[in-house]
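The residues making up each chain are set out below.
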Amino acid sequence: MLLFTTELHTALPLLLALFSTWHCVVNARAPIVALKYGVFQGAFDGNLSVFRGVPFAQPAVRFALPKLPSVLHGVQNATVFSPACPQQASIPPPPLPPSAVPQQSEDCLKLNVFAPSSANSRSKLPVLVWIYGGGFEFGNSPDTEVRPLVERSIATGEPIIVVTPNYRVSAWGFLAGKEVAGERITNLGLRDQIFALEWVQEHIAAFGGDPARVVIGGISAGAISAAVLLLSNKRFEPTALFRGAVMLSGSPPTTGSVADGQPYYDELVAANNCTGQKDSLNCLRHIPLDAFKATVDKTPNVFSFSSVQNVWRPRIDGDIIVQNPLISVSEGLYAKIPIMTGDSDDEGTVFSLSSANLTTNDEFVGYLHSKSAFHLPFVLFHRLTAGCMSSFFPKSTPAEIAELAAFYPDDPTQGSPFDTGLANQFTPQFKRIAAFQGDFLFTGTRRFYLEHASKTQNTWSWLNKRGKSTPIFGAAHGSDINIWFPTSILNSTDLNPVDALVNFINTLDPNHPQADAHNTSAVVWPKWNVPSSNGSSSLLVLSDPGVVNVTGENFRVDAIKYLFGLLLKEAY
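Residues numbered from 1 in each chain as written. Predicted model: local features only at pLDDT ≥ 70, side-chain atom pairs only at ≥ 80, totals over all residues. Heavy atoms only, no water.

Regarding unusual backbone geometry
Item 1. The step from Ser-416 to Pro-417 runs through a cis peptide bond, and the omega angle for that step is 10 degrees.
Item 2. Mapped onto the elements of the fold, Pro-417 is located in the loop between α14 (398-407) and α15 (430-453).
Item 3. The omega torsion across Asp-544 and Pro-545 is -10 degrees, close enough to zero to call that bond cis.
Item 4. Residue placement: Pro-545 occurs in the loop between β15 (538-543) and β16 (547-552).
Item 5. Of note, Asn-187 is a non-glycine position whose phi angle comes to about 50 degrees, a positive value.
Item 6. Tracing the sequence through the fold places Asn-187 in the loop between α4 (178-182) and α5 (188-203).
Item 7. A residue is classified by how much of its surface remains accessible, and Asn-187, at 3% relative accessible area, is buried.
Item 8. Although it is not a glycine, Arg-556 sits at a positive phi angle of roughly 45 degrees.
Item 9. As for its placement among the helices and strands, Arg-556 is situated in the loop between β16 and α18 (557-571). (Helix = DSSP H or I, 4+ residues; strand = E, 2+ residues; numbered from the N terminus. Buried < 20%, exposed > 50% of the residue type's maximum accessible area, 1.4 Å probe, protein only.)

Here we look at the state of the cysteines
Item 1. Within the structure shown, the criterion is met by 2 disulfides.
Item 2. What pairs with Cys-85 in a disulfide is Cys-108, and their sulfur atoms sit 2.1 Å apart. Its S-S torsion of about 95 degrees marks the bond between Cys-85 and Cys-108 as right-handed, since a negative value means left-handed. With Cys-85 in the loop between β7 (75-77) and β8 (110-116) and Cys-108 in the loop between β7 and β8, this residue pair connects regions lying 23 residues apart in the sequence. Each member of the pair, Cys-85 as well as Cys-108, carries the same accessibility label: buried.
Item 3. Disulfide partner of Cys-274: Cys-283, at an S-S distance of 2.0 Å. (Disulfide = S-S within 2.5 Å.)

Some thoughts on the pairing of strand β4 (residues 38-41)
Item 1. Across 4 bridges, strand β3 (residues 31-35) lies against β4 in antiparallel orientation. Paired with Val-33 across the strands is Phe-40, a residue of β4.
Item 2. Here β3 folds back onto β4, and the loop between the two strands holds 2 residues.
Item 3. In this sheet, β7 lies alongside β4 in parallel orientation, the contact comprising 3 bridges. Its bridge partner lying in β7, Val-39 is registered against Val-75. (Pairing = 2+ DSSP bridges.)

Remarks on the packing of aromatic side chains
Item 1. Inspection of every chain in the model, using the stated rule, returns 25 aromatic pairs.
Item 2. Measuring from centroid to centroid gives 4.6 Å for Trp-130 and Phe-485, while their planes differ by 50 degrees, and the two rings are tilted. With Trp-130 in strand β9 (residues 125-131) and Phe-485 in the loop between α16 (481-484) and α17 (496-507), this residue pair connects regions lying 355 residues apart in the sequence.
Item 3. Accessibility expressed as a relative area gives 3% for Trp-130, which makes it buried.
Item 4. For Phe-485, a relative accessible area of 2% gives the class buried.
Item 5. Taken together, the aromatic side chains of Phe-305, Tyr-367, Phe-392, Phe-393, Tyr-408, Phe-436 and Phe-440 make up a single cluster linked through ring pairs.
Item 6. Here Arg-52 stacks its cationic end above the ring of Phe-81, 5.0 Å away from the centre of that ring.
Item 7. Between the NZ or CZ atom of Arg-447 and the centre of the ring of Phe-555, over which it lies, the distance is 4.9 Å. (Phe/Tyr/Trp six-rings, centres within 6.5 Å; stacked < 30°, edge-to-face > 60°. Lys NZ or Arg CZ within 6 Å of the ring centre and 35° of its normal.)

This is the structure we're talking about:
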């Protein structure tokens, strides 16, 4: 029941009487929502009601599972974004600009809700839960500007609600090792996301949302998170929490076990003078935040030589991730729900700047095959990053690696940024490494997933080629975020992708708006497994200047097939 009052003080008595039934109360000054554990006052923003910094869990205890929020007394201010969860410092190599550092706190398990101001507890609007990226090392819930998407949904008669939760990252969210496994606190960042999704199921109706119409989505690490949460696990049933998924640059990846993270746990113990303590994990919990963060900041990050082989990342724990995701995909152990997923053409360029020390064919081959440098102490690791140690294929034979290297030839005209000839050769092996890394973590994982999922559910996929003229990077990782989430719908020159996304959130089909909508999108987007004109799978391709068309996914077919044949063999 939606109530209208003229003054906040007149709304409160009625609000308190309805406290246990989650009703949204709106007055001339601000929207107010009453949940089981507290009353929250948001703010009007144009034709939106926005609630920022709403706790979905108690303040996070370091290396502990999220817990239900405590009862809060009085009306809580929900007009300001909460601090970000603690971030790992990472300085991008030139020519990337340094990133802004947000305010941080371990009291960060909060979320934001963006809803049409007309929504009430009877609206039953579809909901998008959006997960930020950041390589599992940094990121913050306001990173993606979602308000224009909601505004566009209102304008087209397909209103939606968007929820953006925080989750723990870096060592705070993805510490691994036997001590962590022993306390069953593995993959805490993923557990935070699950906890937020469970919060949505219980509370989103108060904001006008329908818990039965939730779509999960994300970009980069957020997309990988969404993809991992699609897989069968021992913790929850995916379809009980969401009915569709949207993934920008992220699919179920290959990953190692929690045991593989032991060297990094041990190094943090040593760096924080917890060696010899009976309970080293408890010792780490009590290190002051600034001191602990200083030791985490010294670990390799996504912009160091380790690059896409993140130190802090989701790992197989037998619970949230029961086995290598590639095995789960190949065995059909994933939620059979509609998905939209896509990549940019040059996903690997941003992650290959830190490999400038690799200049020869032999060093590239060694980069693919060498035993892991990540089982070495931090100091020794940094000394060795002038070499070419990696851990992509530690089990494969030299002959297999040589054959793989041949699929990514020592020819800059075939490297990434693709289709740019001899241009953008930042270092002698840069375009080659960028082509491989983009396929390894993004383009190849998407195709591998689609080859299986397209047989069991509706799937749509895209490829972004906009920004191809950007020096060095081309159509780089993350460059399509403003296509799907424009910073302003008034200044956008192409709303077809936005409308497709709104359609999908409403109807689970990017082509079909709900019956009473007035969406004018003219793009027809075939499912991925629908043959294109050349017989291959169909991709929606976004090109400059604002061009949208459909072509076939017929590039690097043999290379990706061989690459993922090796990865699947290594997974067993």
